[in-house]
Amino acid sequence: KKKRKVLKGKKRGGFLSALEGWWLVDKTQSDSPGEYLKFMGLPDIAVSAGVKAHDAHPTYISISIKSGGRSIVTERHSRLLNGRIDKFKVNETVTTELKKLGEKRMVVKSGDGGQLVTETNIPTQVGRISVKDVRDVVDDDGDRMKQVVTCVNKKSGATLTRKVYYNRAPKPTLPLEF
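Residues numbered from 1 in each chain as written. Predicted model: local features only at pLDDT ≥ 70, side-chain atom pairs only at ≥ 80, totals over all residues. Heavy atoms only, no water.

### Remarks on the sheet that holds strand β3 (residues 71-77)
Applicable threshold: Here the rule is simple: two strands pair whenever DSSP picks up at least two bridges between them. Numbered from the N terminus, helices here are DSSP runs of H or I no shorter than four residues, and strands are runs of E no shorter than two. Interaxial angle, 0 to 180 degrees, is taken between N-to-C directions of lines fitted to C-alpha atoms, where a helix line uses only the stretch in contact.
Reading across the sheet, the 10 strands line up as β4-β3-β2-β1-β10-β9-β8-β7-β6-β5 and stay open at both edges, with antiparallel pairing between neighbours. The open sheet has two edge strands with one neighbour each: β4 (84-89) and β5 (94-98). Averaged over all pairs of adjacent strands, the angle between strand axes in this sheet comes to 20°, irrespective of strand direction. Bridge count between strand β9 (residues 144-153) and strand β10 (residues 159-169): nine bridges; the pairing is antiparallel. Each residue of the ladder has a partner; that of Q147, found in β10, is V164.

Next up, the structure:
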């Protein structure tokens, strides 16, 4: 078995810091969000709007590693979520109550090979869905990131995998103008 090379980052963030910085979705290599949005139970009109926004506008993600790798801040700028900031402590479960649906639970971890792993359990209109989101730098110069999102509907047993590729990018002018 070939041993994977792990990119080391700055000392303050350990292995995860290879993911630190601004990233732009590579639409030519990434799966469209349509099947994912359908799987999550969104109505057709919302799926259509999500695909249209993905195709017509850029999506930027910022990842910041704080406190020696013990906390992570992600910032997303797109047509759908322009300026959303999420803050997590590594290995700490965050629970949110979703109106009329129930409890959403999330935990962010560091994978064995330096990946950023988010595990989420989400109540939806089509049943409770388990989502595992793994982000990893996939080239030796650290300028390409791959995100694999694997979803399992706990009620039906149906599964879906979506791959999203990113290229390292300079910080965009914010807020994005649409």
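### A closer look at unusual backbone geometry
Cis geometry is found at the peptide bond from L174 to P175, where omega equals -5°. Examined against the element boundaries, P175 turns out to sit in the segment after β10.

### Some words on the nonpolar core
Let me state the cut-off plainly: We define the nonpolar core as a collection of buried residues of types Ala, Val, Leu, Ile, Met, Phe, Trp, Tyr and Cys that are connected through side-chain atoms lying within 4.5 Å of one another. Type-normalised accessible area, obtained with a 1.4 Å probe on protein chains alone, sets the label of each residue: buried when under 20%, exposed when over 50%, and partly exposed for intermediate values. Whether two residues touch is decided by their heavy atoms; if any such pair falls within 4.5 Å, the residues are in contact.
Core analysis: the biggest nonpolar cluster contains 18 residues, and L19, I63, I72, L116 and Y166 have the highest contact counts within it. Sorting the residues of this core by element identifies β1 (21-25), β2 (60-66), β6 (102-110) and β10 as the ones contributing at least two each. Broken down by element, this core gets its largest block of residues, three residues, from β2. Other than its neighbours up to four places away in sequence, Y166 contacts W23, L24, V25, D26, I61, R135, D143, R144, M145 and Q147. One finds M40, I122, I129 and C151 within the second-largest nonpolar core, a separate group that totals eight residues.

### Notes on helix α2 (residues 44-56)
Put simply, the rule reads: Expected helix span is given by 1.5 Å per residue-to-residue step, counting one fewer step than there are residues.
Here α2 spans 18 Å end to end across 13 residues, near enough to the 18 Å set by a 1.5 Å rise per residue. Looking at the buried positions of α2, the neighbouring elements they touch are β1, α1 (34-39) and β10.

### Thoughts on the confidence of the model for the protein
The predicted structure's coordinates, where accompanied by low pLDDT, should not be read in detail. To keep it simple, the criterion reads: A score between 0 and 100, pLDDT records how confident the predictor is in each residue.
In the predicted model, the protein carries a mean pLDDT of 88, and the fraction of residues at 70 or more is 92%. Every residue in residues 1-13 scores below 50 in pLDDT, and together they form 27 contacts with partners more than four places removed in sequence or on other chains.

### Section: the pattern of salt bridges
Under the convention used in this document: Note on definitions: salt bridges are taken to be side-chain nitrogens of Lys or Arg within 4 Å of carboxyl oxygens of Asp or Glu.
Summed over the entire model, instances satisfying the criterion amount to seven salt bridges. With its nearest N and O atoms 3.4 Å apart, the salt bridge here joins R135 to D133.

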